[in-house]
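# Geometric and topological summary
The chain contents come next:
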Amino acid sequence: MLKVAIAGASGYVGGELLRLFSMHPAAEVVSISSERHAGHWAHRVHPHLRGRSELRFVPLERLEPADVLVLALPHGRAAALVPELAGRYERIIDCSADFRLGVEDHRRARGEPHPAPEWAARFVYGLPELHRDRIREARWVSGVGCNATACNLALLPLVRAGLLDPDRDVVADVKAGSSEAGREPSRSGQHAERAGVVRSYAPTGHRHAAEVEAATGLSRFHLSVTAVDTVRGALATVHAFPREELDERSLWSLYRDACAGEPFLRIVHEKGGDYRHPDPKTVVGTNVAELGWSLDPATGRVVALAAIDNLTKGAAGSAVQCLNLMCGFDETLGLDWPGLWPA
């Protein structure tokens, strides 16, 4: 049985990792850390894990040895810790934003030098649909941004086919649930502030845009993110103008080719019914990304759609998928189940 340790396991991503690994037939979590909750049972913080985990939180320095260390720490922590942790753990998966960008991309996007430049190039971007072969050979894998994941997968069929001019504008809007903000309390996250909201909280300047540019090669990608009244889920609506004129038949062909052999990509494009487009609600708790599109024949515009659970496919699920690849397991191990309905 593969042994896994989780640093920063008290947050939402940490709780999702614990949930997923509790159903993994070939890996078990042997140690979890939290400075604030050290000494407490996991289920005191994650009540849905009562009866599923007998672990107590420990301080980071008391994490037990393991085959794989998964970091679910706040952004900015991993870069300072990885040099020391890499000497204790053979494989590391970092769910934070610290190693998602290379040195130059980080400098351009963040306006400051990378905090651990000697390590930035060693981490492989952890979206299996983009870098599966590299992840299999990797010892260090970065996490993925949830909004970036939705946009990258929405664009995947068009990018793989070489149909997008990298210097032409591509515009995306992501509708995002409240769990994206993490577990730390904030005024905007209080129920009185968050309930019923449709709030554009990042019309420009969202840091996940740089991830999409790095992953797709698009130099004029524009991202807006809108908070909506859901807990889980992200829906990317991406407007692109392909180099070639496309019709429904050619788009079906593109999407089938892009999704062939991808265990967690599902095409949703129906002519009628209530669920004819990707919908985050239908993938809650799963590692599935629903992909779809709508074509405007008058202008040639393709509206590419992707729906994910931001905590699963957008974070912990992709991390487990990467672990499976890194350790030689079947890619779907511990991740292959349907969603809940209604959710």
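To start, this report covers the structure provided alongside it. None of these values were measured; they are calculated from a predicted model.

Parameters and conventions
Residues numbered from 1 in each chain as written. Predicted model: local features only at pLDDT ≥ 70, side-chain atom pairs only at ≥ 80, totals over all residues. Heavy atoms only, no water. Core = buried A, V, L, I, M, F, W, Y, C linked by side-chain atoms within 4.5 Å. Buried < 20%, exposed > 50% of the residue type's maximum accessible area, 1.4 Å probe, protein only. Helix = DSSP H or I, 4+ residues; strand = E, 2+ residues; numbered from the N terminus. Contact = heavy atoms within 4.5 Å. Pairing = 2+ DSSP bridges. Salt bridge = Lys/Arg side-chain N within 4 Å of Asp/Glu carboxyl O. Phe/Tyr/Trp six-rings, centres within 6.5 Å; stacked < 30°, edge-to-face > 60°. Axes fitted to C-alpha atoms, helices over the stretch in contact; angles between N-to-C directions. Left-handed = near helix turned anticlockwise from the far one by under 90°. Nonpolar A, V, L, I, M, F, W, Y, C, P; charged D, E, K, R; others polar. Right-handed = clockwise from strand over helix to strand, strands pointing away. Parallel < 35°, antiparallel > 145°, perpendicular 65-115°, else oblique.

### Side note on the nonpolar core
Ranked by size, the top nonpolar core spans 42 residues in total, and within it Cys-151, Leu-155, Leu-158, Phe-221, Leu-223, Val-238 and Leu-251 carry the most contacts. Of all the secondary structure elements, the ones that give two or more residues to this core are helix H7 (146-160), strand S8 (170-176), helix H9 (208-216), strand S10 (221-228), strand S11 (234-240), helix H10 (248-259), strand S13 (289-296) and strand S14 (301-308). Discounting chain neighbours no more than four positions away, the residues touching Leu-158 are Leu-163, Leu-164, Ala-240, Pro-242, Leu-246, Leu-254 and Val-302. Residues Leu-17, Val-70, Ala-72 and Ala-316 belong to the second largest nonpolar core, which totals 35 residues.

### Remarks on helix H1 (residues 12-21)
H1 sits mainly inside the fold: 8 of its 10 residues count as buried. Looking only at H1, the buried set comprises Gly-14, Gly-15, Glu-16, Leu-17, Leu-18, Arg-19, Leu-20 and Phe-21. Contacts from the buried residues of H1 go to strand S1 (2-7), strand S2 (27-33), helix H2 (42-45), strand S4 (68-71) and helix H11 (312-326).

### As for the sheet that holds S1
Strands sit in the order S3-S2-S1-S4-S5-S7-S6 across an open sheet of 7 strands; the sheet is parallel. If you trace the sheet from one side to the other, it starts and ends with strand S3 (57-58) and strand S6 (124-125), each paired once. Relative to strand S7 (residues 140-142), S6 runs parallel, the two sharing 2 bridges. In the strand pairing of S7, Val-124 is matched with Val-141.

### Some points on the pattern of salt bridges
What the rule picks out here adds up to 17 salt bridges. The partner of Arg-19 in a salt bridge is Glu-16, with the nearest N and O atoms 2.8 Å apart. Within this pair, Arg-19 and its partner Glu-16 are both found in helix H1, separated by 3 residues, close to a single helical turn. The same class applies to Arg-19 as to Glu-16, namely buried. When the shortest N-O distance is used, the salt bridge between Arg-232 and Asp-309 registers 2.8 Å. Of this pair, Arg-232 sits in the loop between S10 and S11 while Asp-309 sits in the loop between S14 and H11, and the two are 77 residues apart along the sequence. On the basis of relative accessibility, which here comes to 0%, the residue Asp-309 falls in the buried class.

### Observations concerning the side chain of Arg-194
Relative to the elements of secondary structure, Arg-194 occurs in helix H8 (residues 191-194). If sequence neighbours within four positions are ignored, Arg-194 has contacts with Ala-176, Gly-177, Ser-178, Ser-188, Gly-189, Ala-227, Val-228, Asp-229 and Thr-230.

### Quick notes on unusual backbone geometry
Cis geometry is found at the peptide bond from Trp-341 to Pro-342, where omega equals -5°. Take Pro-342: it is sitting in the segment after H11.

### A short note on the packing of aromatic side chains
One pass over the structure, following the stated rule, counts 5 aromatic pairs. Ring geometry for Trp-119 versus Trp-140: centroids 5.1 Å apart, planes at 85°, classification edge-to-face. Of the two residues, Trp-119 is situated in helix H5 (residues 117-120) and Trp-140 in strand S7; the sequence distance between them amounts to 21 residues. A ring pair is formed by Trp-252 and Trp-293, whose centres lie 5.1 Å apart and whose planes are at 85°; its orientation type is edge-to-face.

### So, the packing of helix H6 (residues 128-137) against H11
Viewed as axis vectors pointing N to C, H6 and H11 meet at an angle of 35°, and their least axial separation amounts to 9 Å. As H6 runs across H11, the sense of the crossing is right-handed. Of the residues in H11, those touching H6 at Pro-128, Glu-129, Arg-132, Ile-135 and Arg-136 are Lys-313, Ser-318, Gln-321, Cys-322, Leu-325 and Met-326. Grouping the amino acids of the contact of H6 with H11 by side-chain chemistry returns 5 nonpolar, 2 polar and 4 charged.

### Concerning the pairing of S1
Judged by how many residues are buried, S1 sits mostly within the fold: 5 of 6 residues are covered. When S1 meets S2, the two strands line up parallel, connected through 5 bridges. Along S2, the bridge assignment pairs Ala-5 with Ser-31. One crossover worth recording links S1 to the parallel S2 by way of H1, and it is right-handed. Taken together, the 4 bridges between S1 and S4 define a ladder with parallel strand orientation. Counted as the bridge partner of Ala-7 is Leu-71 from S4.

### Quick notes on the packing of H1 against H11
Two elements in contact, H1 and H11, have axes separated by 9 Å at closest approach and are oriented at 45°. The orientation of H1 with respect to H11, classified from their angle, is oblique. As for how H1 packs across H11, the hand of that crossing is right-handed. Across the interface between the two elements, Val-13, Glu-16, Leu-17, Arg-19, Leu-20 and Phe-21 of H1 pack against Thr-312, Ala-315, Ala-316, Gly-317, Ala-319, Val-320 and Leu-323 of H11. Split by residue class, the contact of H1 with H11 holds 9 nonpolar, 2 polar and 2 charged.

Worth remembering: the numbers are spatial, not functional.
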